[in-house]
Each structure stands twice: as C-alpha cells, then as structure tokens.
Amino acid sequence: MARDDFSWAIPVMRAGYAGRGLVYLCVAGFSLYAIWYGGQASGTSSALSQLESTAWGSVVLFLIFLGMVAFAVWRGVNAVFDLEDRGTDGKGMVARAALIVSGFIHLGLAALAFTLLFTDGGESGGSSLAGWLSAIMQWPGGRWLVALGGFVIVGVGIYYAYRAWREKYRHRLQANHFTEHWDWLLKAGLVAKGLVVVIVGMLVVYAAWRTDPNAAGGTGDAFAWLTGQPYGQLLVAAICLGLLGYALFCFVNAAFRDIPKVSGGAIETLETKLASTVRQAL
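Report follows, based on the coordinates.

Reading guide: rules and limits
Residues numbered from 1 in each chain as written. Predicted model: local features only at pLDDT ≥ 70, side-chain atom pairs only at ≥ 80, totals over all residues. Heavy atoms only, no water. Helix = DSSP H or I, 4+ residues; strand = E, 2+ residues; numbered from the N terminus. Rg over C-alpha atoms; globule rule 2.2 N^0.38 Å. Buried < 20%, exposed > 50% of the residue type's maximum accessible area, 1.4 Å probe, protein only. Contact = heavy atoms within 4.5 Å. Polar contact = N/O pair within 3.5 Å; in protein donor to acceptor, adjacent residues only side chain to side chain. Axes fitted to C-alpha atoms, helices over the stretch in contact; angles between N-to-C directions. Parallel < 35°, antiparallel > 145°, perpendicular 65-115°, else oblique. Nonpolar A, V, L, I, M, F, W, Y, C, P; charged D, E, K, R; others polar. Expected span 1.5 Å × (residues − 1).

## Points about the overall build of the protein
Looking only at helices and strands, one finds 12 helices and 0 strands in the protein. Listed by position from the N terminus, the elements making up the protein come as α-α-α-α-α-α-α-α-α-α-α-α. The C-alpha radius of gyration computed for the protein amounts to 19 Å, which stays within 12% of the reference 19 Å derived for 282 residues, consistent with globular compactness. Principal-axis analysis of the C-alpha atoms places the extent of the protein at approximately 55 × 45 × 40 Å. A total of 282 residues make up the protein; the buried ones form 44% of that total. Looking at the protein alone, contacts between residues at least 24 apart form 74% of all its contacts between residues at least 6 apart.

Written out as structure tokens, the structure is:
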C-alpha cells in the first residue's frame, strides 16, 4: 500500500492528541486553581464536570468529545495498519494490542464528555470504576483478576517513567527549535503522568486486597491519597505542574509527531537530531 494512502490519518491523529492535551490541561488547571484556594485537586471526571459551569465549557467539552473519538480511531487505525512500524513480532503485537485497549479507554472519555454535554450529568468516574470492580469481584477468581489488572496499570505507569528516563518518545517527534529546547518539559510531563497511573494501579490492587471496590479510584482518588501523605499538598501541586507538561507533550505530538508510513522516514526526528548534536560535540 502506498504511503500516501494513509495521509488521511494525520488530521485524525492531530485532533486526537489535541483533545487528549485539553483533558490534561483541564485536570491540571482546575486542580492547581483549587489547591491555590485551599481546595482539593480534581480527577478527570470532576474536571470535565466543572467545565459545565464555565463560560466556554460546552465548547471545550465538545472539542474534547471530538478529540477523544478521533484518538480512539487513530489508535485503532495505527494498530491495524501498523502506521508506526511496531512490527509483527511478540513485542510489536503486544504494543499494537495496547493501542486498541487505549482506544476503548478514550472512547469512554468521549462518552463522559458526551454525557456532560447532552444530558443532566452522569456517574462519576470513581463510582463507575467501583461498580465495574464490584461486578468483577463477584466472578470466580474475580479478586485475582482485579489485582492483576491493578498490577498491569502499575506497569503502564512505570513504562511512562521508563520512556521518559530512556527518552524513548524522541524517535516519534520531529526535530525543530521547539522540541529541542522544551524537551525537558516533555520528559517531566511523562514522569508526572506515570506517577499518577502507578498510584491509580496501586489503589486497584489495594481494593482487590481489601475486597472493597470503593477503595479504588481514578486520578482524583490518586490525588486524594497523595494529599494525605506528608507534604502531600505540595506533592500534588508538583504533579499537577507536571501534568501541564504532559498536556504540552500531547499538543507537541499533535503538531510534530512523525508517522513513518506516511513520511517514509524522510523527517529528521528529535532522537536523531540530538544524537547528531552529541556526536559533533565529542
């Protein structure tokens, strides 16, 4: 298949990452505002719910809805046609399966945005998760399944941090003045995102151990747990600043992500550019 056949996927990818960036911008923005005034940081569903009461909230929710649908479509197309050359070996197929799972998760966020837009409101993210976990725990071996799911989530969070530490994200980004000079902020954003995901996974494992689905939760519950730790409010504020970096990471991907089966490898990536700079310096 000619690489130009996939050029239509680029606008879908851009819209998806931009919508994802809006979600984390809202979560971090509302959380930092609340912390500044002595309140509690917001989770994803809480932040999106707060948009309803703002002047441009409906517009932003609609953009998030479109973005999450676009991101889900992008993940699916990317997985099926392997647009980023992940391969067909075991590692590649696992990565492509993870893209499909990610797509369904973002469809869930799209459904949440749609519910807030066109109905009187929906179930909060935390209670919805508790309901799912409660149902799963009723299955034979359900607690073990929930615990396994929690460990998988922890692993995903660790992988975010690993990508930041080993700078694995650079080979997907175009090299330009912005990506070169703000690379440190992109890295901090990935670390912050990874830390939140790890805590969410730990809460799921804890819920399985206690046989209490209400002990699990999403981003808001992770913030609440952190707040209860020594210097917790400062930790949450620091992570929210990091999530602003992750929002930037999403926006940068929307603008500068390289798709090998479209570009044909003709675009210099950030990884290649920085490696070349290091070699010249030596």
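From this point, things continue past the structure.
## Notes on the side chain of R257
Residue placement: R257 occurs in the loop between helix 10 (232-256) and helix 11 (260-263). Exposure remark for R257: the relative accessible area of 7% places this residue in the buried category. Here E84 takes part through its side chain, which lies 2.7 Å from a polar atom of the side chain of R257. Polar side-chain contacts of R257 include one of 2.5 Å to the side chain of N253. Dropping the residues within four chain positions of it, R257 is found in contact with M13, Y17, E84, R86, R172, L173, Q174 and V252.

## Considerations on the environment of G155
Here G155 is to be found in helix 6 (residues 142-165). When its relative accessible area of 34% is taken as the criterion, G155 is described as partly exposed. Measuring from C-alpha to C-alpha, the distance between G155 and A95 comes to 13 Å, with 60 residues separating the pair along the chain.

## With respect to the packing of helix 1 (residues 9-36) against helix 2 (residues 44-51)
Packing of helix 1 against helix 2 brings their axes to within 9 Å, and their N-to-C directions diverge by 90°. One finds that helix 1 runs roughly perpendicular with respect to helix 2. Contacts from V23, C26, V27 and F30 in helix 1 reach T44, A47, Q50 and L51 in helix 2. For the contact of helix 1 with helix 2, the class distribution of residues is 6 nonpolar, 2 polar and no charged.

## Quick word on helix 6
An α-helix turns once every 3.6 residues. As a result, residues three or four positions apart point the same way. Over its 24 residues, helix 6 runs 35 Å from end to end, which matches the ideal 34 Å to within 8%, given 1.5 Å per residue. Among all positions in helix 6, only G142, V146, A147, G150, V154, G157, Y160, R163 and A164 are buried. Positive phi appears at E167, one or two residues downstream of helix 6, with a value of about 55°.

Shape is all these values report; function is a separate question.
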